[in-house]
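# Report on the structure
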Amino acid sequence: MPAYDQSNIFAKILRGEIPCHKVYEDDKALAFLDIMPRAPGHTLVIPKSPARNILDVAPDDLAHVMKLAQRIAKVSVDVFGADGVTLQQFSESAGGQVVFHLHVHVIPRKEGIALKPPASVKEAPDVLKEQAAKLAAALA
Ligand code: 5GP
């Protein structure tokens, strides 16, 4: 497996070099909205440690990320009036990974509504801002 590359887009978000619509942050993890959501409220949960994916992340960091993913899943059902939630995690290109910093997708789902294709439509920044504020308030 290749080494962790500090120039990936999520490393830049962690360093504050590019902005994100933050949902939650603590000392070990960050959660923010996907800019090309597959459904409203699509959130990415990442560790602050430099892990490439499931194959190299420290188990404790993964556990922390998954606990936060569960919290966000529960809250997003209320905030987005969802009927269910889809969690996804891709590792390496062969596994469908595009950005090489470990992330868990938390996607609120409504009955009978299919996911949009990956990376298909960029959401308007004002929509993401409002959704992130609602999720952040529900998590506070
Ligand atoms: P994966 O690596 O699991 O296939 O997916 C990477 C995800 O990152 C995609 O869902 C894509 O929409 C999202 N993404 C790509 N670039 C950015 C970005 O600059 N900001 C945010 N918030 N999400 C991004």
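Quantities reported herein were computed from a predicted structural model and do not represent experimental measurements.

### Overview of a nonpolar patch on the surface
A cluster of nonpolar side chains, Met1, Ile54 and Leu55, forms an exposed patch at the surface whose accessible area comes to about 320 Å². Inspection of the secondary structure assignment puts Ile54 in the loop between strand E3 (43-47) and helix H2 (59-79). Classification of Ile54 as partly exposed rests on a relative accessible area of 41%.

### Remarks on the packing of aromatic side chains
The tally for this structure, following the rule as stated, stands at one aromatic pair. Where Phe10 meets Phe32, the ring centres are 5.4 Å apart and the plane angle is 75°; that geometry is what we call edge-to-face. With Phe10 in helix H1 (residues 9-14) and Phe32 in strand E2 (residues 29-33), this residue pair connects regions lying 22 residues apart in the sequence.

### Observations regarding the site of the ligand
Around the ligand, the structure places 15 residues, and the nearest of them are Leu33, Asp34, Val98, His103 and His105. Note that a nitrogen atom of the ligand is positioned 3.5 Å from one of the backbone N or O atoms of Ile35. At 2.9 Å from an oxygen atom of the ligand is found a main-chain nitrogen or oxygen belonging to Val99. About the coverage of the ligand: the protein hides 88% of its 520 Å² of free accessible area. Secondary-structure elements contributing two or more residues to the shell around the ligand are H1 and E2. Of the residues in the shell around the ligand, the class split is ten nonpolar, four polar and one charged.

### Focus on the packing of H2 against helix H3 (residues 125-139)
For the pair H2 and H3, the least separation of the axes is 10 Å and the interaxial angle reads 115°. As for how H2 packs across H3, the hand of that crossing is right-handed. In this structure, H2 contributes Arg71, Ile72, Val75, Ser76 and Val79 to the contact, and H3 contributes Lys134, Leu135, Ala138 and Leu139. Counted by class, the contact of H2 with H3 contains six nonpolar, one polar and two charged residues.

### Considerations on the pairing of strand E1 (residues 22-25)
Bridging between E1 and E2 involves three bridges; their strand directions are antiparallel. Looking at E2, one finds that Tyr24 is bridged to Ala31. Linkage of E1 to E2, two consecutive antiparallel strands, is achieved through a turn of three residues.

### Quick look at the pattern of salt bridges
On inspection of all chains with the given rule, the structure shows five salt bridges. Between Glu17 and Arg15 there is a salt bridge, and its shortest N-O distance comes to 2.7 Å. Relative accessible area serves as the criterion here: at 49%, Glu17 is assigned to the partly exposed category. Linking Glu25 and Lys48 is a salt bridge whose minimum nitrogen-to-oxygen distance equals 2.8 Å. With Glu25 in strand E1 and Lys48 in the loop between E3 and H2, this residue pair connects regions lying 23 residues apart in the sequence. With a relative accessible area of 40%, Glu25 lands in the partly exposed category. The exposure class of Lys48 is partly exposed, given its relative accessible area of 29%. Counted as one network, the salt bridges with shared partners bring together Lys22, Glu25 and Lys48.

What counts, and at which threshold
- Residues numbered from 1 in each chain as written.
- Predicted model: local features only at pLDDT ≥ 70, side-chain atom pairs only at ≥ 80, totals over all residues.
- Heavy atoms only, no water.
- Patch = residues over 30% accessible without salt bridge, like charges linked within 9 Å, V, L, I, M, F, W, Y side chains within 5 Å.
- Areas by Shrake-Rupley, 256 points an atom, 1.4 Å probe, with all protein chains shown as cover.
- Salt bridge = Lys/Arg side-chain N within 4 Å of Asp/Glu carboxyl O.
- Helix = DSSP H or I, 4+ residues; strand = E, 2+ residues; numbered from the N terminus.
- Buried < 20%, exposed > 50% of the residue type's maximum accessible area, 1.4 Å probe, protein only.
- Phe/Tyr/Trp six-rings, centres within 6.5 Å; stacked < 30°, edge-to-face > 60°.
- Near = heavy atom within 4 Å.
- Polar contact = N/O pair within 3.5 Å; in protein donor to acceptor, adjacent residues only side chain to side chain.
- Nonpolar A, V, L, I, M, F, W, Y, C, P; charged D, E, K, R; others polar.
- Axes fitted to C-alpha atoms, helices over the stretch in contact; angles between N-to-C directions.
- Left-handed = near helix turned anticlockwise from the far one by under 90°.
- Contact = heavy atoms within 4.5 Å.
- Pairing = 2+ DSSP bridges.

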